[in-house]
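Commentary on secondary and tertiary structure
If you want the building blocks of each chain, they are given just below.
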Amino acid sequence: MNPSATESVLNKSGWAPRAGDAPIDFDLAAREHRPFLMQVAVAATRNVDDAEDVVQEALVRGYKGLRHFRGDCPLRVWLARIVVRVSINHHRSFVRRAKRWVLFGDLEREDSDGRRAAFDAADPAGKVELETLLDVGRGVDALPDEFRIPLLMLAVDGLTIPEIARILEIPEGTVKSRIFYGRKRLKKRLMPSLAVRAER
Amino acid sequence: MTKSCQWVESRLEAYVSDSLTPAERGELDRHASDCAACRSELAAFAEVDALVAEHFRRRLRSASRPVRPMVRPLRPVGVAGASLAAVWIGFAALGPDAVDPDAADKFPAALEAERAKPDPDPELAIPLAEDPLQPQPTPVVRFRVQDAAGYVHTLEDFSGSVLVLGVVDGNAAAAADFEASYARYTSESGLRFLAVPADGVDLGASRFPTMANRASTLMETDPGEFTIISPEGEVHARGSLDNGELPAAIDSGLRLWRDRFPSGP
Ligand SMILES: [Zn+2]
């Protein structure tokens, strides 16, 4: 795209880069961060089928709200915050969901909580029981957002606890506690099917 | 002589979040090599982590699929023998809000379309101070309790302290656990304790502070569970009241409080 277009929009929206900073090429940044944001969306949204829409919406909001970006954190952290926020709101958007249901009214749609084709492929190592994984999915989904999101975010490539804390805007200690309690709850729930129990 | 199982238990959170000192980690590993119970506890955590990671990979794979398998013409759509083509027509009719199999490629186009609009929608402004994990405003009351004198309290009345909130059900062990922790930690100035009886439960004469719920979700705390709430009113930790998790969670809350107010509030 044309760089002067970026500049004019940025100026119109009141965002001025600091002296010496290159203006942000949002298209480029969006392309670069999209795979990362997609992972964050998968961690944050309860319905995996919404992840792509969530990223899309977050990027549009990020673009429109770029003047709010103060440069006090990396752009990818700022964008990831928006992804999390959009994910949570998306989940609550029953109207939107209901609309889809009507539109897909004559089609069968399977639930997104694992009872569908997501689990069709056997895991390559063949070590994990399908039933166990379905149970993991149900257990993770049963966790409240504040535990589920940091726990899943830990699985995002290269995402560390300090960065999760910055994205969620909560202290690192709180992130650790929430992840720990999420793990603990899952452990309790999954105990009957864990291999470690069988070894006892 | 290695450390006790209780010592290990109190450091599990730090261990699994990789924030023990090397010396402590060494101690813990030494204990675990001699203690089957702790070893299997650690192995269970490792297994849960691996399962969560696998669950996440699968979700990611299914989220990234260009063609969504969840929309299938299992039943004929109106006419007999409706084909996959009918599904794609469905997609096309849904407009920009619909699942778009080529969303990734179409992104720049969507952005250009946004760009063409005259002024940013004020609704889309992003208030960055907002905590993304706090629920958006809804009619649901998260925390409202009433004391014996009839005064109603909200979370603000507990701000500045770490609140140990227990929702006590009919289980005597749960009440006993809460009472034991209250007795043990009652001198800690950063903590406040509050037990709320679950619906229909009569605590009788308890030896810890109690108040009645006033149609709130009690920070989404289920009967028989506790929630540790930070001085800012956010959920710090949760757990079950009757399985010994409470002291470790209170310790974690205390650490949080000391982080916040190194020299007292
Ligand atoms: Zn032990």
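Residues numbered from 1 in each chain as written. Chains lettered and ligands numbered in written order. Predicted model: local features only at pLDDT ≥ 70, side-chain atom pairs only at ≥ 80, totals over all residues. Heavy atoms only, no water.

1. Some points on the packing of helix H2 (residues 26-44) of chain A against helix H7 (residues 145-153) of chain A
Residues and elements named next belong to chain A. Which entries qualify depends on this criterion: Fitted lines through C-alpha atoms give the axes, limited to the stretch in contact for helices. The angle between two N-to-C directions lies from 0 to 180 degrees. Secondary structure counts use DSSP, requiring at least four H or I residues in a row for a helix and at least two E residues in a row for a strand, with both numbered from the N terminus. Two helices cross in a left-handed way if the nearer one is turned anticlockwise from the farther one by less than a right angle. They cross in a right-handed way if the turn is clockwise. Whether two residues are in contact is decided by their heavy atoms: any pair within 4.5 Å suffices. We call Asp, Glu, Lys and Arg charged. Ala, Val, Leu, Ile, Met, Phe, Trp, Tyr, Cys and Pro are nonpolar, and the rest, Gly among them, are polar.
Between H2 and H7, the shortest axis-to-axis distance is 8 Å and the interhelical angle comes to 145°. As for how H2 packs across H7, the hand of that crossing is right-handed. Packed against H2, whose contacting residues are Val40, Val42, Ala43 and Ala44, the element H7 presents Arg148, Ile149, Leu152 and Met153 at the interface. Residue composition of the contact of H2 with H7, grouped by class: 7 nonpolar, no polar and 1 charged.

2. Focus: the nonpolar core
As a reminder, the rule being used: As used here, the term nonpolar core means buried Ala, Val, Leu, Ile, Met, Phe, Trp, Tyr and Cys residues forming a set that is joined through side-chain atoms within 4.5 Å. The buried label applies to any residue whose accessible area, calculated with a 1.4 Å probe on protein chains only, is under 20% of its type's maximum; exposed applies above 50%, and partly exposed to all values in between.
Grouped together as the largest cluster of nonpolar side chains are 111 residues, with contacts concentrated most on Met153 and Ile167 of chain A together with Phe143, Leu194 and Ile228 of chain B. Here the element with the most residues in this core is H2 of chain A; it accounts for 11 residues.

3. Looking at the confidence of the model for chain A
Residue and element names in this part refer to chain A. Put simply, the rule is: Each residue carries a pLDDT score, the predictor's own confidence in it, on a scale running from 0 to 100.
Across chain A, the average pLDDT comes to 74, with 68% of residues at 70 or higher. Ignoring residues within four places in sequence, the model shows residues 1-20, a span with pLDDT below 50, making 22 contacts including any to other chains. Taken as a whole, residues 94-125 scores under 50 in pLDDT and shows 61 contacts with residues more than four places along the chain or in a different chain.

4. So, the sheet that holds strand E5 (residues 191-197) of chain B
Heads up, the condition is: The pairing criterion is simple: DSSP has to find at least two bridges between the two strands.
The strand order E5-E4-E7-E8 (chain B) describes an open sheet built from 4 strands, whose pairing is mixed. Edge positions in the sheet fall to E5 and strand E8 (235-240) of chain B, since each of these pairs with one other strand and no more. The average undirected angle you get between the axes of adjacent strands in this sheet is 15°. Of the strand pairs in this sheet, strand E7 (residues 225-229) of chain B and E8 of chain B are connected by 5 bridges, and their pairing is antiparallel. Bridge pairing in E8 of chain B places Ile229 of chain B opposite Val235 of chain B. Its contacts with the sheet place helix H9 (residues 172-190) of chain A against E7 and E8 of chain B, and it is angled at close to 20° to E8 of chain B. Against the sheet, helix H6 (residues 172-185) of chain B makes contact with strand E4 (162-168) and E5 of chain B, and its axis sits at roughly 160° relative to E5 of chain B, the strand it touches most.

5. Here we look at the sheet that holds strand E2 (residues 145-146) of chain B
Residues and elements named next belong to chain B. Overall, antiparallel pairing links the 3 strands, which are arranged E3-E2-E6 in an open sheet. Whereas interior strands pair on both sides, the edge strands pair on one side only; in this sheet they are strand E3 (152-153) and strand E6 (212-213). With 2 bridges connecting them, E2 and E6 associate as antiparallel partners. Bridging from a neighbouring strand, Val145 pairs with Asn213 of E6.

6. Thoughts on the packing of aromatic side chains
Inclusion rule: Note on ring pairs: Phe, Tyr and Trp rings are taken, using the six-membered ring of Trp, and paired if centres are within 6.5 Å. Classes follow the plane angle, with under 30 degrees stacked, over 60 edge-to-face and the rest tilted. Put simply, a charge is over a ring when the Lys NZ or the Arg CZ is close to the ring centre, within 6 Å, and near the line of the ring normal, within 35 degrees.
Summed over all chains, the structure comprises 8 aromatic pairs over all chains. Ring centres of Phe69 of chain A and Trp78 of chain A lie 5.2 Å apart, and the angle between their planes is 55°; on these two criteria the pair is classed as tilted. Just as Phe69 of chain A is buried, Trp78 of chain A falls in that class too. Taking 5.6 Å as the distance between ring centres and 75° as the angle between the ring planes, the aromatic pair formed by Phe180 of chain A and Tyr181 of chain A counts as edge-to-face. Of the two residues, Phe180 of chain A and Tyr181 of chain A, both sit in the buried class. One aromatic cluster in this structure is built from Phe178, Tyr182, Phe193 and Phe208 of chain B. Lying over the aromatic face of Phe36 of chain A, Arg76 of chain A brings its terminal NZ or CZ to 4.0 Å of the ring centre. Directly above the ring of Tyr15 of chain B sits Arg25 of chain B, whose terminal nitrogen or CZ lies 4.3 Å from the centroid.

7. Some points on the coordination of the zinc ion
Residues and elements named next belong to chain B. Stated formally: Counted as donors are N, O and S atoms no farther than 2.8 Å from the metal, or 3.2 Å for Na, K and Ca; water is not among the atoms, and sites may therefore look incomplete. Any site counts as irregular unless it has four donors with all angles between 85 and 135 degrees, making it tetrahedral, or four or six donors with opposite ones more than 155 degrees apart and the rest between 65 and 115, making it square planar or octahedral.
Summarising the metal site, the zinc ion is bound by the protein donors Cys5 (SG), His31 (NE2), Cys35 (SG) and Cys38 (SG), whose distances to it range over 2.0 to 2.3 Å. One can describe the donor arrangement at the zinc ion as tetrahedral, given that its 4 donor atoms subtend angles of 102 to 115° at the metal. Each donor residue of the zinc ion lies on one chain, and together they are spaced C-x25-H-x3-C-x2-C. Residue class for His31 comes out buried when judged on its relative accessible area of 5%.

8. As for the side chain of Ser240 of chain B
Positionally, Ser240 of chain B belongs in strand E8. Classification of Ser240 of chain B by relative accessible area gives buried; the value is 7%.

9. Quick look at the environment of Glu156 of chain B
Residue and element names in this part refer to chain B. If you trace the backbone, Glu156 turns up in the loop between E3 and E4. Given a relative accessible area of 67%, Glu156 falls into the exposed group. Taking C-alpha positions, Glu156 is 9.6 Å from Phe143, a pair spaced 13 residues apart along the chain.

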